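# A look at the structure
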Amino acid sequence: LIGCFVLSYHTFHTAVFSFFTDGDLRTGNNEILHWLVCNAPAAANGGVDTTYVHCPYIPPFPPKGTGFHRLVFSIFRQNGHLTLPSKPYNSFDDRIFSTREFWSGYDTVIRPVGIHFFQTSWDCSVTATFQNILGWKEPVYDVEKKQTQRKRRQLIQKKKFSQKHRWTI
């Protein structure tokens, strides 16, 4: 069972977990591959046997100050065995990916059977991902600072308005 998808037993599946970059982080409008499992038989519990990992998992890493980012988890049913080129996936550039190109390259063997989107935003774990996994200095954008200043200004305006127009007894 993956999310709300129950996979049929005795079939093979491909699971793709990717991050749409929206034009940031040096990739243009590509995706960043977070995890790829291929040729995985459906497990007895209806999920995917994750021992067939082609690209090891890395957690999402939305940069600080950029708001929400969307991630997608796709499941493909395989009609046969996939032979993928071997890559180390050690660097960021190795993980630049396109689900559309992946699907079109193997469209005679795989067929999408499930997809799940979710949004994520920066938290303190992202710093560790940048430093320990990607080996980068974490980029920080000032969008949050501007939003905070705007909210502070709005609160001051509301306070002034409420003081000016409050009822006196």
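Whatever comes next refers back to the structure up there.
Residues numbered from 1 in each chain as written. Predicted model: local features only at pLDDT ≥ 70, side-chain atom pairs only at ≥ 80, totals over all residues. Heavy atoms only, no water.

## A look at the overall build of the protein chain
The number of helices and strands found in the protein chain is 3 helices and 6 strands. Starting at the N terminus and ending at the C terminus, the protein chain contains elements arranged as β-β-β-β-β-α-β-α-α. Across the 169 residues in the protein chain, those meeting the buried criterion constitute 39%. Contacts in the protein chain between residues far apart in sequence, at least 24 positions, make up 72% of those at least 6 positions apart. For the protein chain, the exposed area adds up to about 10900 Å²; of that, 55% sits on carbon and sulfur atoms. (Helix = DSSP H or I, 4+ residues; strand = E, 2+ residues; numbered from the N terminus. Buried < 20%, exposed > 50% of the residue type's maximum accessible area, 1.4 Å probe, protein only. Contact = heavy atoms within 4.5 Å. Areas by Shrake-Rupley, 256 points an atom, 1.4 Å probe, with all protein chains shown as cover.)

## Some words on the nonpolar core
Ala 15, Trp 35, Phe 61, Phe 73, Phe 92, Phe 130 and Leu 134 are the most contacted members of the largest nonpolar core, which totals 17 residues. Contributions of two or more residues to this core are made by β1 (12-20), β2 (31-41), β4 (69-78) and α2 (124-134). Of the residues forming this core, the biggest block, 4 residues, is contributed by β2. Those residues within four positions of Phe 130 in sequence are excluded, and the remaining contacts are Phe 61, Pro 63, Gly 135, Trp 136, Glu 138 and Pro 139. Within the second largest apolar cluster, 14 residues are counted, among which are Val 16, Leu 36, Tyr 89 and Val 109. (Core = buried A, V, L, I, M, F, W, Y, C linked by side-chain atoms within 4.5 Å.)

## Let's talk about the environment of Trp 122
Within the secondary structure, Trp 122 is located in the loop between β6 (110-120) and α2. For Trp 122, a relative accessible area of 25% corresponds to the partly exposed category. Separated by 53 residues in sequence, Trp 122 and His 69 place their C-alpha atoms 9.0 Å apart. Apart from the residues within four sequence positions on either side, Trp 122 is in contact with Pro 62, Pro 63, Lys 64, Thr 127 and Glu 138.

## Describing the side chain of Gln 78
Among the structural elements, Gln 78 can be located in strand β4. Polar side-chain contacts of Gln 78 include one of 2.8 Å to the side chain of Asn 39. Every residue in contact with Gln 78, bar those within four places of it in the chain, is listed here: Phe 12, His 13, Thr 14, Cys 38, Asn 39, Ala 40, Val 109 and Ile 110. (Polar contact = N/O pair within 3.5 Å; in protein donor to acceptor, adjacent residues only side chain to side chain.)

## Regarding the layout of surface pockets
Space inside the largest pocket adds up to approximately 240 Å³. As for the largest pocket, its lining consists of 14 residues, of which Pro 85, Lys 87, Tyr 89, Phe 97 and Phe 102 are closest to the centre. Secondary structure elements with two or more residues in the lining of the largest pocket: β5 (96-97) and α1 (99-105). Of the residues contributing to the lining of the largest pocket, the split by class is 8 nonpolar, 3 polar and 3 charged. (1 Å grid on protein atoms, 1.4 Å probe; cavity = no way out; pocket = protein on both sides within 12 Å on 5 of 7 lines; lining within 4 Å. Points joined across faces, edges and corners; volume = space filled by probe spheres on them. Nonpolar A, V, L, I, M, F, W, Y, C, P; charged D, E, K, R; others polar.)

## Some remarks on the packing of aromatic side chains
Here the distance between the centres and the angle between the planes together describe a pair of aromatic rings. Tallying each qualifying case throughout the model produces 13 aromatic pairs. Taking 6.3 Å as the distance between ring centres and 65° as the angle between the ring planes, the aromatic pair formed by Phe 61 and Phe 92 counts as edge-to-face. Of this pair, Phe 61 sits in the loop between β3 (53-55) and β4 while Phe 92 is found in the loop between β4 and β5, placing the two residues 31 residues apart along the sequence. Each member of the pair, Phe 61 as well as Phe 92, carries the same accessibility label: buried. Between Phe 97 and Phe 102, the aromatic rings sit 5.7 Å apart at their centres with planes inclined by 45°, giving tilted as the arrangement. For the pair Phe 97 and Phe 102, a shared accessibility class is recorded, and that class is buried. Among the aromatic side chains, those forming a connected cluster through ring pairs are Phe 17, Trp 35, Tyr 57, Phe 73 and Phe 118. The ring of Trp 122 carries Lys 64 above its face, with NZ or CZ at 4.6 Å from the centroid. (Phe/Tyr/Trp six-rings, centres within 6.5 Å; stacked < 30°, edge-to-face > 60°. Lys NZ or Arg CZ within 6 Å of the ring centre and 35° of its normal.)

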